[in-house]
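Letter by letter, the chains look like this.
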Amino acid sequence: MAALRKQAEGCERCDLYKNATQLVFGEGPAKARVVLIGEQPGDREDLAGRPFVGPAGRILDECLHEAGIDRSSCYLTNAVKHFKFEQRGKRRLHSRPNAGEIERCSWWLGAELETLHPKVVVALGATALSSLLGRRAGVMKIRGDLIATPAGYPVLVTIHPSYLLRIRNKEDAAAERGRFVKDLAKIAAHAG
Ligand code: URA
């Protein structure tokens, strides 16, 4: 994995490397049975060079903990390895990766999965799911389900944790958070 990461650091498969601070590769134990896949690094991850260390990472950590999953036993990565953003004054606003960027970067995700051979892969949101399936795919109808990728990996589908941060109504946010924890609690049954 260290060699793969080194190789990825020079990646110019798409243009996103030009504006990002650095590539944010996955991290976690070599023996991880569970791989969690997000969309792309955010502002904080881009600066730190590590996945899920910002606000979405914090809520993910809390929900994993509530679901009885130890984050440190999981490998965390992203479908796209460079931060894509729009500069607005001093702020860098998250911008969605397009289909071409997801497709080019899926090579690295495929290589990470081949190195790890996880028991279960968790797609956190539509970008991760699209990368794994090689086509656009909606999450809401199949969230909580276990599906197989063309490469044969079992994938547990759920929402992206940053979705929870965008829900304004407190009750809706709490209900959606509960659903997310329930989805994550299924990891253990598939990781054994
Ligand atoms: N959102 C993601 O999808 N990945 C990160 O690493 C951080 C936020």
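Scroll up to find the structure.
Summarised in this report is the structure supplied together with it. Since this is a predicted model, take the numbers as computed values, not measurements.

### Describing the site of the ligand
The local shell around the ligand consists of Gly38, Glu39, Gln40, Pro41, Gly42, Glu45, Pro51, Phe52, Ala56, Asn78 and His160. Note that an oxygen atom of the ligand is positioned 2.7 Å from one of the side-chain N or O atoms of His160. Here the ligand, which alone exposes 230 Å², has 93% of that area covered by the protein. Each residue belonging to the shell around the ligand can be placed in one class, and the counts come to four nonpolar, five polar and two charged.

### Regarding the packing of aromatic side chains
Counting across every chain of the model gives two aromatic pairs. Here the basic side chain of Lys81 rests over the ring of Phe25, its NZ or CZ set 6.0 Å away from the ring centre. Here the basic side chain of Arg92 rests over the ring of Phe85, its NZ or CZ set 4.8 Å away from the ring centre.

### Here we look at helix 4 (residues 99-116)
If you check helix 4, its first and last C-alpha atoms are 25 Å apart, about what 18 residues at 1.5 Å a residue would give, namely 26 Å. Where helix 4 bends most, at Ser106, the angle is about 35 degrees. Among the residues of helix 4, those classed as buried are Glu101, Ile102, Cys105, Trp108, Leu109, Ala111, Glu112, Leu113 and Leu116. Buried residues belonging to helix 4 abut helix 1 (2-9), strand 1 (34-38), strand 2 (75-78), strand 5 (120-124) and helix 5 (126-133).

### Some words on the packing of helix 3 (residues 55-66) against helix 7 (residues 170-184)
For the pair helix 3 and helix 7, the least separation of the axes is 8 Å and the interaxial angle reads 60 degrees. Taken together, helix 3 and helix 7 sit at an angle that is classed as oblique. Here helix 3 and helix 7 pass one another in a crossing that is right-handed. Across the interface between the two elements, Ile59, Leu60, Glu62, Cys63, Leu64 and Glu66 from helix 3 touch Arg177, Phe180, Val181 and Leu184 from helix 7. In the contact of helix 3 with helix 7, the residues fall into seven nonpolar, no polar and three charged.

### Description of the nonpolar core
Core analysis: the largest hydrophobic core is formed by 53 residues, its most contacted members being Leu36 and Ile187. Top contributing element to this core by residue count: helix 4, with seven residues. Residues contacting Ile187, with those up to four places away along its chain left out, are Val34, Leu36, Leu64, Ile69, Val120, Val122 and Leu156.

### Focus: the packing of helix 4 against helix 5
Running from N to C, helix 4 and helix 5 point in directions that differ by 75 degrees, and their axes come no closer than 9 Å. Classified by the interaxial angle, the pair formed by helix 4 and helix 5 is roughly perpendicular. Residues Ile102, Ser106, Leu109 and Leu113 of helix 4 touch helix 5, and the partners they reach there are Thr127, Ser131 and Leu132. When grouped by side-chain class, the residues that make up the contact of helix 4 with helix 5 number four nonpolar, three polar and no charged.

### Some points on the pairing of strand 5
Burial within strand 5 is extensive, with five of its five residues counted as buried. Neither face of strand 5 is exposed, since Val120, Val122 and Leu124 on one face and Val121 and Ala123 on the opposite face are all buried. The pairing of strand 1 with strand 5 spans four bridges and is parallel. Of the residues in strand 5, the one forming a bridge with Val35 is Val121. Alignment of strand 5 against strand 7 (residues 154-158), held across four bridges, turns out to be parallel. Bridging across to strand 7, Val122 finds its partner in Leu156.

### A closer look at the side chain of Arg92
Structurally, Arg92 can be placed in strand 4 (residues 91-94). Taking relative accessible area as the criterion, Arg92 reaches 18% and is therefore assigned buried. Of note is the side chain of Arg92, whose polar atom sits 2.8 Å from the side chain of Asp43. Within the structure, the side chain of Arg92 is placed 2.9 Å from the side chain of Asp46, a separation counted as a polar contact. If we skip the residues at most four places from it in the chain, Arg92 touches Thr21, Asp43, Asp46, Leu47, Phe83, Phe85, Glu86 and Gln87.

Cut-offs and rules
Residues numbered from 1 in each chain as written. Predicted model: local features only at pLDDT ≥ 70, side-chain atom pairs only at ≥ 80, totals over all residues. Heavy atoms only, no water. Near = heavy atom within 4 Å. Polar contact = N/O pair within 3.5 Å; in protein donor to acceptor, adjacent residues only side chain to side chain. Areas by Shrake-Rupley, 256 points an atom, 1.4 Å probe, with all protein chains shown as cover. Nonpolar A, V, L, I, M, F, W, Y, C, P; charged D, E, K, R; others polar. Phe/Tyr/Trp six-rings, centres within 6.5 Å; stacked < 30°, edge-to-face > 60°. Lys NZ or Arg CZ within 6 Å of the ring centre and 35° of its normal. Helix = DSSP H or I, 4+ residues; strand = E, 2+ residues; numbered from the N terminus. Expected span 1.5 Å × (residues − 1). Bend = angle between axes of the 7 residues up to and from the residue. Buried < 20%, exposed > 50% of the residue type's maximum accessible area, 1.4 Å probe, protein only. Contact = heavy atoms within 4.5 Å. Axes fitted to C-alpha atoms, helices over the stretch in contact; angles between N-to-C directions. Parallel < 35°, antiparallel > 145°, perpendicular 65-115°, else oblique. Left-handed = near helix turned anticlockwise from the far one by under 90°. Core = buried A, V, L, I, M, F, W, Y, C linked by side-chain atoms within 4.5 Å. Pairing = 2+ DSSP bridges.

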